[in-house]
Amino acid sequence: MPTSQTAAAGVADDLDHLNGTTLAMEEINAAGGILGRPLKLFVTDVDKLSPESCQQAIAACVDAKVDAISNAFLFVPIPAMDASAKYKCPYLQGNTQRAATEAFKANPTKYSHIFQTDPSEVHYGYTYPVWLKAMEDSGAWKPKNRKVHIVQEQVAYCQTISKAAQQALKNSNFELAAVTDIQFPVQDWSPVIEKLKQTDAGAIMIDHWVAAEYAAFCKQFVADPVKDSLVYLQYGPSQPEFLTLAGEAANGFCWSTVLGVYADERGNAFRAKYKKRFPGVMGLVYTGNGYDIAHYLKAAWEATGDPSNFKAVCDWVRANPYRGVCGYMDMRNEYQEAAHYPDDGHPVSASELEKGMSQLYVQVQNAEHKIIYPYDIKQSKLQPAPWWG
């Protein structure tokens, strides 16, 4: 497990992934292990933003002769994929990056062992106007205008999401009104909020990724808000420190993840187990992903009977979907990535909840995360934000 422990980015997500995997390992070993052998974790530090560090982390896993690699995500995934290409043990991750799965599509032999256990980030952009329409149709949100203002960070992940959203908005009944650039780290959100007020869009997308900076945004925004705007924060609020840092200021903001623990019977059982083992605010994304990957590998190893036969294990994963606490992982497509639900008209999408992995749209209500969309998996309805009305 390449795990960011000392770098500037990704420590919270990777600790979630490690904790979820640890919980799975403890369950598996308590039940007798895998094929009579205990599961053991090899953990190595990584800087997600450094190509060299990503390569070195994977090389360390290869040197340790691991039976599989489980990873949350890397911002520069291709060098890491290349570092594993000769060794070819199963490499399962939640990278959420179409650039990485495009590399598999272009060279399926070289990258045959690499599986993206969640949908790609393009769906964040493609589904955004779908969600806006759903919130309007529900009657919970009455847009003051049809304008959308996107604030975008500069990493490729955020840029890809912004481009997909801009493309999708052209085919919707909303219109792009403005795009504002930000650069990590954001020290002061005041100039951004001033631009948001000038545009006065009915819908605002903050396309960033750092939980602590989102928390700072929420505090500054609620002190001087854009009245009656529906504000969406891309992904980052899923990290545990967001609620801890933002507190009551987080109420009313919405966010989403294409990879998250469901609030169905299976998901709630996992949440209860996780909170008992790791008390405190629970991250809702990589906790479940780490857990699911470990159990997916267990199923593959037991089905093939030989963890050292990497090709047989990878062939099994490719041919056999797995339903975990974060939804359904089906690698039988040209990108070798989980299908996205709801169907947004773009590859790879699923038309039924139990044939894909559901994007979870969440609103912070009373300082708690509540799933509000898709409706077949919701915990609550969209509530009026404190700066509305």
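Residues numbered from 1 in each chain as written. Predicted model: local features only at pLDDT ≥ 70, side-chain atom pairs only at ≥ 80, totals over all residues. Heavy atoms only, no water.

- Looking at an unreviewed UniProt entry, one finds the protein named Branched-chain amino acid ABC transporter substrate-binding protein, with Methylocella tundrae as its source organism.
- For the record of the protein, the UniProt heading Sequence similarities (unreviewed entry) holds the text "Belongs to the leucine-binding protein family." (UniProt positions renumbered as here; feature names shortened; annotations may be inferred.)

## Let's talk about the UniProt feature "domain: Leucine-binding protein" (unreviewed entry) in the protein
Moving on, step 1. In the numbering adopted here, UniProt assigns the feature "domain: Leucine-binding protein" (unreviewed entry) to residues 16-340.
Moving on, step 2. Counted over residues 16-340, helix gives 46% and strand 14%. Its end C-alpha atoms are 22 Å apart. (Helix = DSSP H or I, 4+ residues; strand = E, 2+ residues; numbered from the N terminus.)

## Observations concerning the packing of aromatic side chains
Moving on, step 1. Overall, the coordinates contain 25 aromatic pairs when judged by the stated rule.
Moving on, step 2. Judged by centre distance (4.9 Å) and plane angle (10 degrees), the rings of Trp-131 and Tyr-361 are stacked. Of this pair, Trp-131 sits in helix H5 (residues 122-137) while Tyr-361 sits in strand E15 (residues 360-365), placing them 230 residues apart in sequence. With respect to burial, Trp-131 and Tyr-361 carry one shared label: buried.
Moving on, step 3. Measuring from centroid to centroid gives 4.7 Å for Phe-270 and Tyr-291, while their planes differ by 50 degrees, and the two rings are tilted. Placement of Phe-270 in helix H10 (residues 265-277) and of Tyr-291 in helix H11 (residues 286-304) is noted, with a sequence separation of 21 residues between them. When sorted by exposure, Phe-270 lands in the same class as Tyr-291, which is buried.
Moving on, step 4. Members of the aromatic cluster, each reached through a chain of ring pairs, are Phe-73, Phe-75, Tyr-157, Phe-184, Trp-209 and Tyr-286.
Moving on, step 5. A cation over a ring is seen here: Arg-98 above Tyr-335, with NZ or CZ 4.1 Å from the ring centre. (Phe/Tyr/Trp six-rings, centres within 6.5 Å; stacked < 30°, edge-to-face > 60°. Buried < 20%, exposed > 50% of the residue type's maximum accessible area, 1.4 Å probe, protein only. Lys NZ or Arg CZ within 6 Å of the ring centre and 35° of its normal.)

## A closer look at the domain arrangement of the protein
Interface size is often expressed as the accessible area that is lost when the parts come together.
Moving on, step 1. Per the domain assignment, the segments of the protein are domain 1 (2-120 + 262-354) and domain 2 (121-257 + 359-373).
Moving on, step 2. Distance from the C-alpha centre of domain 1 to the C-alpha centre of domain 2: 27 Å.
Moving on, step 3. If you look at the interface, domain 1 gives 28 residues, while domain 2 gives 23 residues.
Moving on, step 4. For the pairing of domain 1 and domain 2, the buried interface totals around 2,100 Å² over both sides, and the portion due to carbon and sulfur atoms is 66%.
Moving on, step 5. Our enumeration of links across domain 1 and domain 2 arrives at 0 salt bridges.
Moving on, step 6. Inspection of the domain 1/domain 2 interface yields 10 residue pairs in polar contact (both at pLDDT 80 or more).
Moving on, step 7. Elements that contribute at least two residues to the side of domain 1 that touches domain 2 include exactly helix H1 (11-30) and strand E13 (340-341).
Moving on, step 8. When the residues that make up the side of domain 1 that touches domain 2 are grouped by side-chain class, the tally is 15 nonpolar, 7 polar and 6 charged. (Domains from an automatic or database assignment. Contact = heavy atoms within 4.5 Å. Buried area = accessible area lost by both parts, 1.4 Å probe. Salt bridge = Lys/Arg side-chain N within 4 Å of Asp/Glu carboxyl O. Polar contact = N/O pair within 3.5 Å; in protein donor to acceptor, adjacent residues only side chain to side chain. Nonpolar A, V, L, I, M, F, W, Y, C, P; charged D, E, K, R; others polar.)

## Notes on the nonpolar core
Moving on, step 1. Among the nonpolar cores identified, the biggest contains 104 residues, and Trp-131, Phe-217, Phe-221, Leu-233 and Phe-242 are the most heavily contacted of them.
Moving on, step 2. Looking at which element gives the most residues to this core, the answer is H11, with 8 residues.
Moving on, step 3. Not counting chain neighbours up to four residues away, the residues in contact with Trp-131 comprise Leu-230, Tyr-232, Cys-254, Tyr-361, Ile-372 and Tyr-373. (Core = buried A, V, L, I, M, F, W, Y, C linked by side-chain atoms within 4.5 Å.)

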